[in-house]
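Architecture and fold: a report
Here is what each chain is made of, one letter per residue.
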Amino acid sequence: MANEKHSFALGVLGVLGLILVAFLALSFFHVGGEPAISIVPAMPIIGKRTPVKIDVAEPRRGLTRVEVELVQGDKSEVLTIKTYSPRSWLSLRGPQTARDTIFLEVGRESVPTLKPGTAIIRVVVDRAGTWLRHPGPTTQEVSLPVRLMPPSVQLTSTQVYVAQGGCEVVSYRVGESSVHDGVRSGSWWFPGYPLPGGGKQDRFAFFAVPYDNSEPKVKLVAVDGAGNESEVNIVDKFFPKPPHTDTIQVTDEFMSKVVPEILSQSPEIQERSSILDSYLAINSELRKKDGDVLKELAAKSTQEFLWHKAFEMMPNGKVMSAFADRRTYMYKDRVIDHQDHLGYDLAVTRQSPVPSSNDGVVALARYFGIFGNAVVVDHGYGIMSLYGHLSSISVNAGQKVARGDILGKTGETGLAGGDHLHFTVLLQGLPVNPVEWWDGHWIRDRIAKKLGPAFPFEE
C-alpha cells in the first residue's frame, strides 16, 4: 500500500514537473518572432508629400505595436502609432493580427519643420513578450533626400487673351527638376509638350477656359519628382461669354424614334422601366460616358501638328444650334432635364457630304452613344474634331485624312431630331468653341505668332 502511494506521489510530481517545464519553456521561448518590415516610398525623394507603403508581419504571436517616425538630424517626428492585441504567450492558438499594411504621406505638409537635406523613415515594431522575457523591438529604416524647392517655370509668350469656352496657347521654360507641367484651368488639366525646335526645357501648352467657368482659374504649373509645385498666373484678359438658353420639347414620337436605336447600339447603358426613364439615362448617363471616351482618345493624341491651315466649316451649313446652349428639356409641360449642347448643329440638305475640317488621323469611326454614327479626327496635341449624327461613315479608324476629305454623310442617328451635322472641336476631351478654329486670323494671332517656327501656319 505504501509503495502504491509512493508511486502515485512520484507520478503526480512527474506530471507537475512536466507542466513546470512546459510553463518555463513557454515563458522563455514563446515570445514574438522577428517581424518582417517593408518600407516602400512611392518616389525616391521626400518633398511636399511622398506616399509611403509599409508592410509589417509577425505570424508567430502577431503584431503588438508599430511606430513610424521621421528622423532628421536630432529631431524626430512621430507619424503614426498602431497597437494590436497579440496571442497570449500561454496559448498556441487564438486571435492575432499576423500582418498589416500602413499607408501614409511623408513631407512638408505632414512635417512642417522638415528641411532640405536627408531624412530617415524609421519603423519600429515591438515583439510580444512573456512574464519572463521581453525581447527588444525590431527597427528598419529608409534614408531619402529631401527636396522642398519647387521647379522654376518662366512664361516666354505674352498677351494671353482667352474667352469663356475658348482656347489659347502659351510657351514657357521649366527648370531641370520639373517632371510634370502644363496648364490647370478649373478642374481640367492641359499637359505641356516639348516645343518643336526649342531647347531641352522649352515647352508649350494649349489650354481652354471651360464653357461653364464664368471666372478663369488658370495657372501654368510645373511639378518636380517630390511633388513640389510652382504656379504662375498667365491670363492677361478674359472675356466672359454667358451661355445661351434654349428649351427642347421632348415628345413620345421622338423618344420612340431615338431610344430603341441608341439602346440597341450602346450596351454600356441599360434599358429602364419606361421609355422616358431610358431617354433620361441616355441624355445624362450615356452623354457622360461618351465624354469619358473622348478624354481617353485625347490622352492618345499624336504629339505632332498634323494641320497647318484654319479649320473649315461645313460648306453652306445653316446654324441650327450654337456652342454651349444651355438646354431645358420639357415633357408634357414639366421640366425633366438640363444639359449643355456642346457643338454646332449645321444643316444643308439630307445626306449631305461631310468634309473633314482639317488634316488629321481618324481616331474613332463607329456608332458612338448620343452622337449616333460619328467620326472623331485627331489633329495632334489633344486637338480633335467630332462629326455626329451621320447617316453613313466612309472612313476607318487609323486612316489619314486631308482637309476636305469626305468622312460620311449627314443624318439623324443618335439623339437627333432631324438630318444635320453635329460638329464639335475638342481640346483634351473638353468641347470648345469651334468659331475660333474656323477663324484664320485668330489662329495666326493667338497660336502661330506665339509658337513661331514650331508651328508653320499657312494662311
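Data block above holds the structure.
Rules used in this analysis
- Residues numbered from 1 in each chain as written.
- Predicted model: local features only at pLDDT ≥ 70, side-chain atom pairs only at ≥ 80, totals over all residues.
- Heavy atoms only, no water.
- Helix = DSSP H or I, 4+ residues; strand = E, 2+ residues; numbered from the N terminus.
- Buried < 20%, exposed > 50% of the residue type's maximum accessible area, 1.4 Å probe, protein only.
- Polar contact = N/O pair within 3.5 Å; in protein donor to acceptor, adjacent residues only side chain to side chain.
- Contact = heavy atoms within 4.5 Å.
- Core = buried A, V, L, I, M, F, W, Y, C linked by side-chain atoms within 4.5 Å.
- Phe/Tyr/Trp six-rings, centres within 6.5 Å; stacked < 30°, edge-to-face > 60°.
- Lys NZ or Arg CZ within 6 Å of the ring centre and 35° of its normal.
- Pairing = 2+ DSSP bridges.
- Axes fitted to C-alpha atoms, helices over the stretch in contact; angles between N-to-C directions.
- Salt bridge = Lys/Arg side-chain N within 4 Å of Asp/Glu carboxyl O.

This part is about the side chain of Glu-168. Locating Glu-168 in the fold gives a position in strand E10 (residues 167-174). The class of Glu-168 is buried, set by a relative accessible area of 1%. Here the side chain of Glu-168 touches Tyr-161 through a polar contact of 3.0 Å, landing on its backbone nitrogen. Among the polar contacts made by the side chain of Glu-168, one reaches the side chain of Lys-450 at a distance of 2.6 Å. Ignoring anything within four residues of it in the chain, the contact list for Glu-168 reads Gln-159, Val-160, Tyr-161, Val-162, Ala-205, Phe-206, Phe-207, Arg-446 and Lys-450.

It is characteristic of soluble globular proteins that their nonpolar side chains tend to be buried jointly. In this structure, Phe-206, Trp-437 and Ile-447 are the most contacted members of the largest nonpolar core, which totals 63 residues. Residues within four places of Phe-206 in sequence aside, it is in contact with Glu-168, Val-169, Phe-190, Phe-305, Tyr-381, Ile-383, Leu-427, Trp-437 and Ile-447. Judged by nonpolar contacts, the second largest core, of 29 residues, contains Phe-254, Met-255, Leu-276 and Leu-297.

Enumeration over the complete set of coordinates arrives at 22 aromatic pairs. Relative to Phe-311, the ring of Trp-307 lies with its centre 5.2 Å away and its plane at 65°, an arrangement referred to as edge-to-face. Phe-311 gets classed as buried once you look at its relative accessible area, which sits at 2%. Among the aromatic side chains, those forming a connected cluster through ring pairs are Tyr-193, Phe-204, Phe-206, Phe-305, Trp-307, Phe-311, Tyr-381, Trp-437, Trp-442, Phe-455 and Phe-457. Sitting above the plane of the Tyr-161 ring, Lys-237 keeps its charged end 5.3 Å from the centroid. For the cation-ring pair, Lys-295 lies above Trp-188, with the distance from its terminal atom to the ring centre recorded as 4.8 Å.

Hydrogen bonds along the backbone pair up the strands of a sheet, which may run parallel or antiparallel. Read from one edge of the open sheet, 4 strands run E8-E10-E14-E13, paired in antiparallel fashion. Whereas interior strands pair on both sides, the edge strands pair on one side only; in this sheet they are strand E8 (153-155) and strand E13 (193-194). Bridge count for E8 against E10 is 3 bridges, and the pairing is antiparallel. What sits directly across from Val-153, in E10, is Val-174. Of the strands in this sheet, E10 and strand E14 (202-208) touch helix H5 (residues 440-451), which is tilted by about 10° from E10.

Evaluated as defined, the whole model comprises 25 salt bridges. In this structure, Glu-34 and Arg-127 form a salt bridge, with 3.6 Å as the shortest nitrogen-oxygen distance. Of this pair, Glu-34 sits in the loop between helix H1 (2-29) and strand E1 (36-41) while Arg-127 is found in the loop between strand E6 (117-125) and strand E7 (138-146), placing the two residues 93 residues apart along the sequence. Among the ionic pairs, Arg-184 bridges to Glu-229, the shortest N-O distance being 3.3 Å. A residue pair is termed long-range when its members are at least 10 positions apart, and Arg-184 in strand E11 (residues 178-185) and Glu-229 in strand E16 (residues 229-233) qualify at 45 residues. A relative accessible area of 28% places Arg-184 in the partly exposed class. Among the residues examined, Glu-229 registers a relative accessible area of 29% and is labelled partly exposed. Linked through salt bridges whose partners overlap, the residues forming this network are Arg-444, Asp-445, Lys-449 and Glu-459.

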